[in-house]
Amino acid sequence: MKECIFCKIIKKEIPSSIIYEDGEILAFNDINPQAPVHVIIIPKRHIERVSELKAEDSELASKLILAGNEIAGKKGLIDPGYRLVINCNKDAGQEVFHLHMHMFGGRKMGWPPG
Ligand code: AMP
Ligand code: ZN
């Protein structure tokens, strides 16, 4: 997937501000943050969108959420709160077609989302 910007981040071919990494997951600060804390959490395996997850990917899917929780905890966001978001395709505004979860925190957020 040589055209995928997040695969390039995984391979360290383009720089990013990495805050968590293990064998399957990478998390880095969003380049255009929409909140005081805005972290992108991705699987290292290239999956284009959340709708493509299969039953056999259940453990990977839960690891994304658990990584979001762990990062939120380290940043002191559990009590004030935080938001985990996965956009899928055009109506949701997905721009990067490598599955990713946003973790937002550090400010009061509106609901419903825009
Ligand atoms: P989405 O609209 O859900 O596809 O979100 C894509 C996100 O990736 C946006 O919030 C972008 O700011 C972010 N993004 C794009 N390129 C980079 C990059 N090189 N480093 C960090 N975040 C990025
Ligand atoms: Zn990719």
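Use the structure listed above.
Note that residues are indexed from 1 along each chain, following the sequence as it is written. Chains carry letters and ligands carry numbers; both start at the beginning, A for chains and 1 for ligands, and go up in the order they are written. Thresholds applied to this predicted model are a pLDDT of at least 70 for local features of residues and 80 or more for the giving and counting of side-chain atom pairs; totals over whole chains, interfaces and linings are not thresholded and use all residues. By convention in this description, side-chain values take in all heavy atoms of the structure and omit both hydrogens and water.

Visitor: Help me out: how do you make sense of the layout of surface pockets in this one?
Guide: With a probe scaled to a water molecule rolled over the atoms, the places where space remains empty come into view. With a 1 Å grid laid over protein atoms only, a set of points is called a cavity when a 1.4 Å probe fits there but cannot get out and a pocket when it is open yet has protein on both sides within 12 Å along at least five of seven lines; lining residues have an atom within 4 Å of a point. Grid points are joined across faces, edges and corners, and a volume is the space filled by probe spheres set on the points. Counted as a void, the largest pocket has a volume near 830 Å³. Considering the residues around the largest pocket, the lining is formed by 34 residues, among which Asp30, Gln34, His38, Ile40 and His102 are closest to the centre. A total of three residues in the lining of the largest pocket trace back to one element, the largest contributor, which is helix H1 (residues 5-10). Residue composition of the lining of the largest pocket, by class: 16 nonpolar, 13 polar and five charged. Runs of E in the DSSP output that reach at least two residues are strands. Runs of H or I that reach at least four are helices, and both are numbered from the N terminus. Basically, the charged four are Asp, Glu, Lys and Arg, the nonpolar ten are Ala, Val, Leu, Ile, Met, Phe, Trp, Tyr, Cys and Pro, and anything else, Gly included, counts as polar.

Visitor: I would appreciate a short explanation of the pattern of salt bridges in the present structure.
Guide: Any two side chains of opposite charge can pair if their charged atoms end up close together. Salt bridge, as used here, is a side-chain nitrogen of Lys or Arg placed within 4 Å of a carboxyl oxygen of Asp or Glu. Inspection of every chain in the model, using the stated rule, returns nine salt bridges. One salt bridge in this structure joins lysine 12 and glutamate 21, with 3.2 Å as the shortest N-O distance. Measuring nitrogen to oxygen at the nearest pair gives 3.2 Å for the salt bridge that ties glutamate 70 to lysine 74. Placement of both glutamate 70 and lysine 74 in helix H2 (residues 58-74) is noted, with a separation of four residues, approximately one turn of the helix. With relative accessibility at 39%, the residue glutamate 70 sits in the partly exposed group. By sharing partners, the salt bridges in this structure join Lys12, Glu21 and Lys44 into a single network. For the exposure calls, accessible area comes from a 1.4 Å probe over protein chains only, and a residue counts as buried if that area is under 20% of its type's maximum, exposed if over 50%, partly exposed in between.

Visitor: Any chance you could explain the sheet that holds strand E1 (residues 18-21) here in plain terms?
Guide: What holds strands together in a sheet is hydrogen bonding between their backbones, with the strands either parallel or antiparallel. Think of it this way: DSSP has to see at least two bridges between two strands before they count as a pair. Spatially, E1-E2-E3-E5-E4 is the arrangement adopted by the five strands of the open sheet, whose pairing is antiparallel. Every other strand in the sheet has two partners, leaving E1 and strand E4 (82-85) as the edge strands with one partner each. On average, each strand axis in the sheet is inclined to that of its neighbour by 20°, with strand direction left out of account. As paired strands, strand E2 (residues 25-29) and strand E3 (residues 37-43) are joined by five bridges and run antiparallel to one another. Bridge pairing in E3 places phenylalanine 28 opposite isoleucine 40. Lying on the sheet, H2 is in contact with E1, E2, E3, E4 and strand E5 (101-105); it crosses E3 at an angle near 155°. Here an axis means a line fitted to C-alpha atoms, over the contact stretch when the element is a helix, while the angle between two N-to-C directions is reported on a 0 to 180 degree scale. Every residue pair with non-hydrogen atoms within 4.5 Å of one another is taken to be in contact.

Visitor: How should the site of ligand 1 be read in this particular structure?
Guide: Being near a molecule or strand, for a residue, means having at least one of its heavy atoms within 4 Å of it. If you check the shell around ligand 1, you find 16 residues, and the closest are Asp30, Gly93, Glu95, His100 and His102. Within 3.5 Å is the distance limit for a polar contact, defined as a pair of N or O atoms, with the added protein rule that one can donate a hydrogen and the other accept it, and that residues adjacent in sequence qualify only through two side-chain atoms. Here valine 96 contributes a backbone N or O atom positioned 3.0 Å from an oxygen atom of ligand 1. Within the side chain of histidine 100, a nitrogen or oxygen atom sits 2.7 Å from an oxygen atom of ligand 1. Alone, ligand 1 offers 510 Å² of accessible surface; in the complex the protein occludes 86% of this. Under a 2 Å grid-point criterion requiring more than half of the atoms, the pocket assigned to ligand 1 is the largest pocket. When contributions to the shell around ligand 1 are tallied by element, the ones reaching two or more residues are H1 and E2. If you tally residues by element for the shell around ligand 1, the top one is H1, at three residues. Within the shell around ligand 1, the residues separate by chemical class into six nonpolar, eight polar and two charged. Per-residue accessibility takes into account occlusion by the displayed protein chains alone, with areas from the Shrake-Rupley method and a 1.4 Å probe. Put plainly, a molecule is in a cavity or pocket when over half of its atoms are within 2 Å of the grid points there.

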